[in-house]
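Summary of the model geometry
Each chain is listed here by its residues.
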Amino acid sequence: MTSLTLHLAASAPAAPPLWRVLTQVGYFGALAFAGGAFLALAYLLPRPARGGAAENSLRALLVPIAAFTVIAGYAQYAGRIARSKLGYSFAESLSPGRFGAYLDLPAEKGAWISGPVMATIQLGLFVLAAALLVVLRGLRGRSMAVTAGVGFALVLLAATAPSLTSSVVGMDAAANRVLKLAHILACVIWLGGLFVLAAAGLRARRSGIDGAGAFERMWVRFSAWAMGAVIAVGVSGLWLTWVHVGSFAQFVTTPYGRYLSIKLILVAAMVGAGAYNVRVLIPAIKRARLAGDDDTVIRLALHHFPKVVAAEAVAGVGVLLIVPFLSGSARKQADGAAAGPFDWETFGIGALLVALLIAACTAAVRVGERRAVAA
């Protein structure tokens, strides 16, 4: 065996066990599904459509999402126990009898609260979010929207909780935490909206023009949320890529780089599908509605659009499946230098990038609107 082979074998991380892949995918999937359900009922469902086919289709998803949220949250909690210093297997960690030993673990240096305590708080937030999803089944009107808004904030807090166990010192640490949180929260919103609207849209295919009108307005409203999420994912993703990848060659020569390349391809496909929705499908639905062509509105809003969004959602699941394999960094695997610190020059480049992304998204929307009006 050559020295190069030995080096590659030493630098390549071991593949995560199946339980870790499934618990992480379930964890982020639960955040996305619960967040998407609350988002749809609080901010996307138009008021005239309340009580109609679109709302009923969303309501049908609440209990299954609640059950999935509790199961995934509990599995993630057991996974944290299995990854701790206690030495329990994942199967052993599923027993509530292991919780006490886990909670007795001390806080890490510089942390104001121990990781186990924060993980327990997060599990409580998952259970509370699931309870609110069930409660929403019996609410109507403004009380439903307000409760869903509270649930949406609760999900975002649950997603943020693991990052709040320690304080940050210095600009570099603060930027790293803020951008990581922005990346996670934006993914929760983006994927959550896709998952829930795709499922609800496919369920409502036979709802006729009333359902089509409601989903048209929800697609338009979600596109604004999705564009904001794309901007946040783009900026934070570029930062994280720079931190973990030192050169273009490392995308090919390191396991981290190869997995990240697959993730970037999937994200690019999702962005492309989203651009197609904003620039082609939404304007086409508007044109058909203005022309009084109900058949085309129904076909596009209830049949074609959900299929495109479902394809985006499948790519999103692929992204979640890649996440557990992104451990370490390409820089370390290639024995390269660490990334430089976050400074004001880096901040200026990031601010410019944000402005360019906002301008590009705004231009895409305006082009779509002009096409709808001109046709």
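Residues numbered from 1 in each chain as written. Predicted model: local features only at pLDDT ≥ 70, side-chain atom pairs only at ≥ 80, totals over all residues. Heavy atoms only, no water.

**Considerations on the overall build of the chain**
Counting its regular elements, the chain contains 15 helices and 0 strands. For the chain, with 375 residues in total, the buried portion stands at 46%. Counted over contacts in the chain with a minimum sequence separation of 6, partners at least 24 positions apart contribute 78%. For the chain, the exposed surface amounts to about 17,900 Å²; the carbon and sulfur share of it is 67%. (Helix = DSSP H or I, 4+ residues; strand = E, 2+ residues; numbered from the N terminus. Buried < 20%, exposed > 50% of the residue type's maximum accessible area, 1.4 Å probe, protein only. Contact = heavy atoms within 4.5 Å. Areas by Shrake-Rupley, 256 points an atom, 1.4 Å probe, with all protein chains shown as cover.)

**Thoughts on the pattern of salt bridges**
Per the counting criterion, the structure on display carries 2 salt bridges. Glu55 is the partner of Arg59 in a salt bridge, and the nearest nitrogen-oxygen pair spans 2.8 Å. With a gap of 4 residues between them, Arg59 and Glu55 both fall in helix α3 (residues 53-59), about one helical turn apart. Using a relative accessible area of 4% as the deciding quantity, one classes Arg59 as buried. Judged by its relative accessible area of 1%, Glu55 is buried. (Salt bridge = Lys/Arg side-chain N within 4 Å of Asp/Glu carboxyl O.)

**Some details on a nonpolar patch on the surface**
Taken together, the side chains of Leu103, Val117 and Ile121 present a nonpolar region at the surface, about 210 Å² in accessible area. Mapped onto the elements, Val117 comes out in helix α7 (residues 115-136). Take Val117: its relative accessible area is 31%, and that puts it in the partly exposed class. (Patch = residues over 30% accessible without salt bridge, like charges linked within 9 Å, V, L, I, M, F, W, Y side chains within 5 Å.)

**Let's talk about the packing of aromatic side chains**
Applying the stated criterion across every chain yields a total of 16 aromatic pairs. A centroid spacing of 4.9 Å and a plane angle of 65° characterise the contact between Tyr27 and Phe28, whose relative ring orientation is edge-to-face. The exposure class assigned to Tyr27 is buried, which follows from its relative accessible area of 5%. An aromatic cluster is present here, built from Tyr74, Tyr77, Phe99 and Tyr102 joined pairwise through their rings. (Phe/Tyr/Trp six-rings, centres within 6.5 Å; stacked < 30°, edge-to-face > 60°.)

**Let's talk about helix α2 (residues 18-44)**
Relative to the 39 Å expected for 27 residues at 1.5 Å per residue, α2 spans 36 Å between its end C-alpha atoms, a close match to the ideal helical length. Within α2, 20 of the 27 residues are buried, which leaves the element mostly enclosed by the surrounding structure. (Expected span 1.5 Å × (residues − 1).)

**A closer look at the nonpolar core**
With 80 residues, the main nonpolar core has Phe38 and Trp190 as its most contacted residues. At 14 residues, α2 tops the list of elements feeding residues into this core. When we break this core down by domain, the ones giving at least three residues each are domain 1 (16-167) and domain 2 (171-374). In contact with Trp190, not counting residues within four places along its chain, are Phe222, Ala226, Ala229, Val230, Val233, Val267, Met270, Val271 and Glu312. Judged by nonpolar contacts, the second largest core, of 7 residues, contains Val245, Phe251, Ile322 and Ala330. (Core = buried A, V, L, I, M, F, W, Y, C linked by side-chain atoms within 4.5 Å. Domains from an automatic or database assignment.)

**Regarding the packing of helix α12 (residues 255-290) against helix α13 (residues 294-322)**
Where α12 meets α13, the closest approach of the two axes is 9 Å, and the angle between their N-to-C directions is 170°. As judged from the angle between their axes, α12 and α13 are roughly antiparallel. Looking at the contact of α12 with α13 residue by residue, the classes come out as 21 nonpolar, 6 polar and 3 charged. (Axes fitted to C-alpha atoms, helices over the stretch in contact; angles between N-to-C directions. Parallel < 35°, antiparallel > 145°, perpendicular 65-115°, else oblique. Nonpolar A, V, L, I, M, F, W, Y, C, P; charged D, E, K, R; others polar.)

**Details of the environment of Trp112**
In this fold, Trp112 is placed in the loop between α6 (99-103) and α7. Taking the relative accessible area as the measure of exposure, Trp112 reaches 60% and is therefore exposed. Linking Trp112 and Ser167, residues 55 residues apart in sequence, is a C-alpha distance of 7.3 Å. Setting aside its immediate chain neighbours within four residues, Trp112 contacts Met118, Leu164, Thr165 and Ser166. Side-chain polar atoms of Trp112 contact the backbone oxygen of Leu164, separated by 2.4 Å. (Polar contact = N/O pair within 3.5 Å; in protein donor to acceptor, adjacent residues only side chain to side chain.)

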